[in-house]
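Given next are the chains, with one letter for each unit.
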Amino acid sequence: MSRIDLHLHTTHSDGSLRPSDVLALAKQASVTALAITDHDITTGINEAIAAGRELGIEVIPGVEVSSFDGRSEFHILGYYVQCEDPVFMSRLATLRDSRHRRNPLIIERLRGAGLDVTYDEVRALAGTESVGRPHIARLMMQKKYVSSAKEAFDRYLGEGKPAYVARELPTPVEAIQWIREAKGVAVLAHPTWVKDTGDALRSCVTALKNAGLGGVEVHYSTHSKSQTAQYLELARRLNLLVTGGSDFHGITKPDIGVGCGRGDLKVNPSLLEPLKAAANG
Ligand SMILES: [Zn+2]
Ligand SMILES: [Zn+2]
């Protein structure tokens, strides 16, 4: 059965596979259309489009913009963004710099907590990839301080943990505006990250809709059936688009497959037309 996947990472951010390798996996998984949504960067899209042409897979230009409202981190997906828009590109570059400034501080804190890790080791491990927390987690796994990336985040790297360093991020409203100004459709990724639930979540998403949010990522690898139902209801009630994706990262999230998440994800190709229409409208 054909399916789509609107949330995928590559080596251009913190994924472990090149765009062409992600496309090859998508082909095996009967994915007919996909979006490359690297964190704060769009440089992987051209390679993906070329590979997609070879394999007969439609590639939608995408990006995942990090933002913070003072309480929750919001990831805003941008679909059909104009990658040659100079203002958008410079905004993303500033965001990436804020991540790079943070990495050495994280290493300092880990060393302060007694872990023998250096920034040079992280850089060597990342190779040509852009260094991020998943690389730090991988180094911690190699050195046997933790047994999984999840444990590295749960014990050290996640928000509120000893080696957590906050980034200077735009607000969700700003991230949405950036995407809109680059002619993209803005979608709230993995809404479980928002610390509000119920009515508070609805008023939060309503405010984002008023700022230009176009959709909600209802279908997601780690959503339970009841979460999917809840977000579907929220999207319908607020007249927002429904999207879905795996958030594939390769070996950093080894249990998540392209197109199928943990095995039970299936994003219906019929969700693509409304997204396309919103981008053109
Ligand atoms: Zn995300
Ligand atoms: Zn993601």
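Residue positions within a chain follow its written sequence, with the count starting from 1. Chains carry letters and ligands carry numbers; both start at the beginning, A for chains and 1 for ligands, and go up in the order they are written. Thresholds applied to this predicted model are a pLDDT of at least 70 for local features of residues and 80 or more for the giving and counting of side-chain atom pairs; totals over whole chains, interfaces and linings are not thresholded and use all residues. The side-chain values count all of the structure's non-hydrogen atoms but skip hydrogen atoms and water molecules.

**Describing the coordination of the zinc ion (ligand 2)**
Part 1 of the argument: Here the coordinating atoms are restricted to nitrogen, oxygen and sulfur within 2.8 Å of the metal centre, or 3.2 Å for Na, K and Ca, and because water is not among them the sites may look incomplete. Looking at the metal site, the zinc ion (ligand 2) is ligated by His7 (NE2), His9 (NE2), Glu64 (OE) and Asp247 (OD), spaced 2.0 to 2.2 Å from it.
Part 2 of the argument: All geometry calls rest on donor angles, where a four-donor set with angles between 85 and 135 degrees is tetrahedral, four- and six-donor sets with opposite donors more than 155 degrees apart and all others between 65 and 115 are square planar and octahedral, and all else is irregular. Geometry at the zinc ion (ligand 2) is irregular, judged from its 4 donor atoms and the angles of 80 to 173° they form at the metal.
Part 3 of the argument: One chain supplies every donor to the zinc ion (ligand 2), and in sequence these donors are spaced H-x1-H-x54-E-x182-D.

**Digging into the environment of histidine 249**
Part 1 of the argument: Helix numbering and strand numbering both begin at the N terminus, where a helix is a DSSP run of H or I of at least 4 residues and a strand a DSSP run of E of at least 2. Its place among the elements puts histidine 249 in the loop between strand S7 (241-245) and helix H10 (272-280).
Part 2 of the argument: Accessible area is worked out with a 1.4 Å probe on protein chains only. A residue is then buried under 20% of its type maximum, exposed over 50%, and partly exposed in between. By relative accessible area, which is 4% here, histidine 249 ends up buried.
Part 3 of the argument: For the pair histidine 249 and leucine 213, spaced 36 residues apart in sequence, the C-alpha separation works out to 25 Å.
Part 4 of the argument: In this analysis, two residues are considered to be in contact whenever any of their non-hydrogen atoms come within 4.5 Å of each other. Beyond its immediate sequence surroundings of up to four residues, histidine 249 is in contact with His9, Asp14, Gly15, Ser16 and His39.
Part 5 of the argument: Think of a polar contact as two N or O atoms within 3.5 Å of one another; within protein, one of them needs to be a possible hydrogen donor and the other a possible acceptor, and neighboring residues in sequence only count if both atoms come from side chains. Within polar-contact distance, the side chain of histidine 249 engages the side chain of aspartate 14 at 3.1 Å.

**Structural notes on the coordination of the zinc ion (ligand 1)**
Part 1 of the argument: Those protein atoms acting as donors to the zinc ion (ligand 1) are Glu64 (OE), His75 (ND1) and His190 (NE2), and they sit at 2.1 Å.
Part 2 of the argument: Spacing between the donor residues of the zinc ion (ligand 1) along their common chain follows E-x10-H-x114-H.
Part 3 of the argument: The metal-metal distance between the zinc ion (ligand 1) and the zinc ion (ligand 2) is 3.5 Å, with glutamate 64 serving as a donor to both. Taken as a pair, glutamate 64 in strand S3 (residues 58-68) and histidine 190 in the loop between strand S5 (185-188) and helix H8 (198-210) lie far apart in primary sequence, 126 residues in all. The same class applies to glutamate 64 as to histidine 190, namely buried.

**Quick look at the sheet that holds strand S1 (residues 3-8)**
Part 1 of the argument: Here, strands pair whenever DSSP counts at least two bridges between them. The mixed open sheet is built from 7 strands, whose spatial order is S1-S2-S3-S4-S5-S6-S7. Lying at the two open borders of the sheet, with one neighbouring strand each, are S1 and S7. Averaged over all pairs of adjacent strands, the angle between strand axes in this sheet comes to 35°, irrespective of strand direction.
Part 2 of the argument: Strand direction decides the pairing type here: strand S4 (residues 73-79) and S5, joined by 4 bridges, are antiparallel. Note that in S5 the partner of tyrosine 79 across the bridge is valine 185.
Part 3 of the argument: Set on the sheet, H10 makes contact with S1, strand S2 (31-36), S3, S4, S5 and S7; between it and S7 the angle comes to about 120°. In this analysis, axes come from line fits to C-alpha atoms, helices being fitted only over the stretch in contact, and the angle between any two N-to-C directions falls in the range 0 to 180 degrees.

**Describing unusual backbone geometry**
Part 1 of the argument: Of note in this structure, tyrosine 80 is not a glycine but carries a positive phi near 60°.
Part 2 of the argument: Looking at the secondary structure, you find tyrosine 80 in the loop between S4 and helix H3 (86-112).
Part 3 of the argument: Positive phi outside glycine occurs at lysine 183, with the angle close to 65°.
Part 4 of the argument: Within the secondary structure layout, lysine 183 lies in the loop between helix H7 (172-181) and S5.

**Details of the nonpolar core**
Part 1 of the argument: By size, the foremost hydrophobic cluster in this structure holds 46 residues, and its most contacted members are Tyr79 and Val205.
Part 2 of the argument: Within the second largest apolar cluster, 21 residues are counted, among which are Leu115, Leu125, Ala163 and Val165. Definition used in this section: a nonpolar core is a set of buried Ala, Val, Leu, Ile, Met, Phe, Trp, Tyr and Cys residues joined via side-chain atoms within 4.5 Å.

**Some points on the layout of surface pockets**
Part 1 of the argument: In this model, the largest pocket occupies a volume close to 1400 Å³.
Part 2 of the argument: Here a cavity means grid points, on a 1 Å grid over the protein atoms only, where a 1.4 Å probe fits yet cannot get out; a pocket means an open set of points with protein on both sides within 12 Å along at least five of seven lines; lining residues are those with an atom within 4 Å of a point. Considering the residues around the largest pocket, the lining is formed by 46 residues, among which Arg133, Lys150, Phe153, Trp193 and Lys253 are closest to the centre.
Part 3 of the argument: Looking at the lining of the largest pocket, the elements that each hand over two or more residues are S3, S4, H3, helix H5 (133-142) and helix H6 (149-157).
Part 4 of the argument: For the lining of the largest pocket, the element with the most residues is H6, which contributes 4 residues.
Part 5 of the argument: The residue classification treats Ala, Val, Leu, Ile, Met, Phe, Trp, Tyr, Cys and Pro as nonpolar and Asp, Glu, Lys and Arg as charged. All others, Gly included, are polar. The residue inventory of the lining of the largest pocket, partitioned by class, reads 14 nonpolar, 16 polar and 16 charged.
Part 6 of the argument: Grid points are joined across faces, edges and corners, and a volume is the space filled by probe spheres set on the points. Approximately 220 Å³ is the volume attributed to the second largest pocket.
Part 7 of the argument: Every residue along the wall of the second largest pocket is listed here: His219, Tyr220, Ser221, His223, Ser224, Lys225, Thr228, Asp264, Leu265 and Lys266.

**Looking at the packing of helix H4 (residues 119-126) against H5**
Part 1 of the argument: As a packed pair, H4 and H5 sit with axes 9 Å apart at the nearest point and diverge in direction by 105°. One element, H4, and the other, H5, form an angle in the roughly perpendicular class. Taken together, the residues of H5 that come into contact with H4 (itself represented by Glu121, Val122, Leu125 and Ala126) are His135, Ile136, Arg138, Leu139 and Gln142.
Part 2 of the argument: Across the contact of H4 with H5, the residue classes tally to 5 nonpolar, 2 polar and 2 charged. For classification purposes, an angle smaller than 35 degrees is called roughly parallel, one larger than 145 roughly antiparallel, one from 65 to 115 roughly perpendicular, and anything else oblique.

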